[in-house]
Amino acid sequence: MKPLPRSFYLRPTLQVARDLLGKHIVRNVGTKLLIGKIVEVEAYCKGDPASHAFRGRTMRNSVMFLEGGHLYVYFTYGMHFCANIVTGKEGDGEAVLIRAVEPLGGIELMTKNRILNHQFHNQQSLINLTNGPAKFCQAFGIARRQNGLDLLDSEISIINGTPIPSKIMKCSSRIGIQHAVEKKWRFYIKGNPWVSRK
DNA sequence: ACCATGATCCGCT
DNA sequence: GCGGATCATGGTT
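Residues numbered from 1 in each chain as written. Chains lettered and ligands numbered in written order. Predicted model: local features only at pLDDT ≥ 70, side-chain atom pairs only at ≥ 80, totals over all residues. Heavy atoms only, no water.

Side note on the protein's contact with DNA strand C
Here is step 1: Near DNA strand C, the surroundings consist of Thr58, Arg60, Phe75, Tyr77, Gly78, Met79 and Arg144.
Here is step 2: Within 4 Å of the protein, the contacting atoms of DNA strand C are drawn from sugar and phosphate to the extent of 56%.
Here is step 3: With respect to DNA strand C, the backbone of Tyr77 contributes an N or O atom lying 2.4 Å from a base oxygen.
Here is step 4: Here a sugar or linking oxygen of DNA strand C sits 3.3 Å away from a polar atom, N or O, in the main chain of Gly78.
Here is step 5: Of the residues in the surface near DNA strand C, the class split is three nonpolar, two polar and two charged. (Near = heavy atom within 4 Å. Polar contact = N/O pair within 3.5 Å; in protein donor to acceptor, adjacent residues only side chain to side chain. Nonpolar A, V, L, I, M, F, W, Y, C, P; charged D, E, K, R; others polar.)

Right, dumping it as C-alpha cells:
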C-alpha cells in the first residue's frame, strides 16, 4: 500500500482530522509490521490557545511548523509520549493528535512494547492496548526518535483504510485541556471500542 | 507552575 | 464494574 499523498495533509486541519478516521497507520519495525486503524483524533489549529504552537515556535514544538505530513511527537507528564500528524503548509503550526487506534496487525509486538514500558500489568486486554494517545505511542514504539519523521518516506506511514460514513462520526470537546473547551475539535468513530471516552 | 496521560486506589452501585 | 481523586515523573517556559 502507498502512503497518502502530500496533498492530503495540506488541506484545512479540521478536514484532515475528520478524514484521518478509518485510515491505517503503519509502523515498520525491522521485518515486522504494526498496523492500527485510526478511531479517535483531535485537531489543534492556528490561534488555538490549547495548541502547543499558540505561543510561537520553540525547540519543543518546531516540528509542528514543518510542512503537512510530518510526525510531531512530544513528551508530557514526565513519562508519556503523544503523536500528532502535522497539517497545512510550512509555518502554519497546525496538527492532529492521534488519540486512539484499533489494533489490526502486529498485536504481539504491541503487547510486548507496552509491557516493556512497565505500564501494562493492569487490565491486560486488547482494548487497553491502544485506547489512549500515550498507550498508542507505547504500543507502536513511538518516542523521541520518531519526532519529525516524514510520513511519506519513513518507517511510519498512513495508508487508505476503511471509509467512515459521516453518520457514525461524532465530535466533542477535546480531552485534558483547559483552554478553548468550547471548540468541538475531537473526532471519533461512534461505538468503536477503542475510543478513549464517550 | 504547568502540563493534549495513565495506573491505582477507594467508595459506591 | 463504575467514576472520581490521587499520584507518578520530568521537560518546558
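Observations regarding the pattern of salt bridges
Here is step 1: One pass over the full model with this rule turns up ten salt bridges.
Here is step 2: Across the pair Glu67 and Arg6 runs a salt bridge, and its minimum N-O distance is 3.5 Å. Of this pair, Glu67 sits in the loop between strand 2 (32-44) and strand 3 (71-76) while Arg6 is found in helix 1 (residues 6-9), placing the two residues 61 residues apart along the sequence.
Here is step 3: Across the pair Glu42 and Arg99 runs a salt bridge whose closest N-O atoms are separated by 3.8 Å. Taken as a pair, Glu42 in strand 2 and Arg99 in strand 5 (residues 94-105) lie far apart in primary sequence, 57 residues in all. Residue Glu42 shares its accessibility class with Arg99, and that shared class is buried.
Here is step 4: One network of salt bridges, with partners in common, ties together Glu40, Glu42, Arg99 and Arg186. (Salt bridge = Lys/Arg side-chain N within 4 Å of Asp/Glu carboxyl O. Helix = DSSP H or I, 4+ residues; strand = E, 2+ residues; numbered from the N terminus. Buried < 20%, exposed > 50% of the residue type's maximum accessible area, 1.4 Å probe, protein only.)

Looking at the pairing of strand 1 (residues 24-29)
It is a general feature of regular strands that their side chains alternate between the two faces of the sheet.
Here is step 1: Where strand 1 meets strand 2, six bridges bridge the pair, whose relative direction is antiparallel. Looking across to strand 2, one finds that Val29 is bridged to Lys32.
Here is step 2: Counting the residues that bridge the hairpin from strand 1 to strand 2 gives two residues, and of these Gly30 lies at a positive phi of roughly 60 degrees.
Here is step 3: Relative to strand 6 (residues 156-159), strand 1 runs antiparallel, the two being bridged by four bridges. Bridged to Val26 within strand 6 is Ser157. (Pairing = 2+ DSSP bridges.)

Topic: the packing of helix 3 (residues 107-116) against helix 5 (residues 133-140)
Here is step 1: Across the interface, helix 3 lies against helix 5 with an axial gap of 7 Å and an inter-helix angle of 110 degrees. By the angle class used here, helix 3 and helix 5 are roughly perpendicular. Along this stretch, helix 3 crosses helix 5, giving a crossing that reads as right-handed. Here Leu109, Met110, Asn113 and Arg114 of helix 3 lie close against helix 5, whose contacting residues are Lys135, Gln138, Ala139 and Phe140.
Here is step 2: When its residues are assigned to classes, the contact of helix 3 with helix 5 shows four nonpolar, two polar and two charged. (Axes fitted to C-alpha atoms, helices over the stretch in contact; angles between N-to-C directions. Parallel < 35°, antiparallel > 145°, perpendicular 65-115°, else oblique. Left-handed = near helix turned anticlockwise from the far one by under 90°. Contact = heavy atoms within 4.5 Å.)

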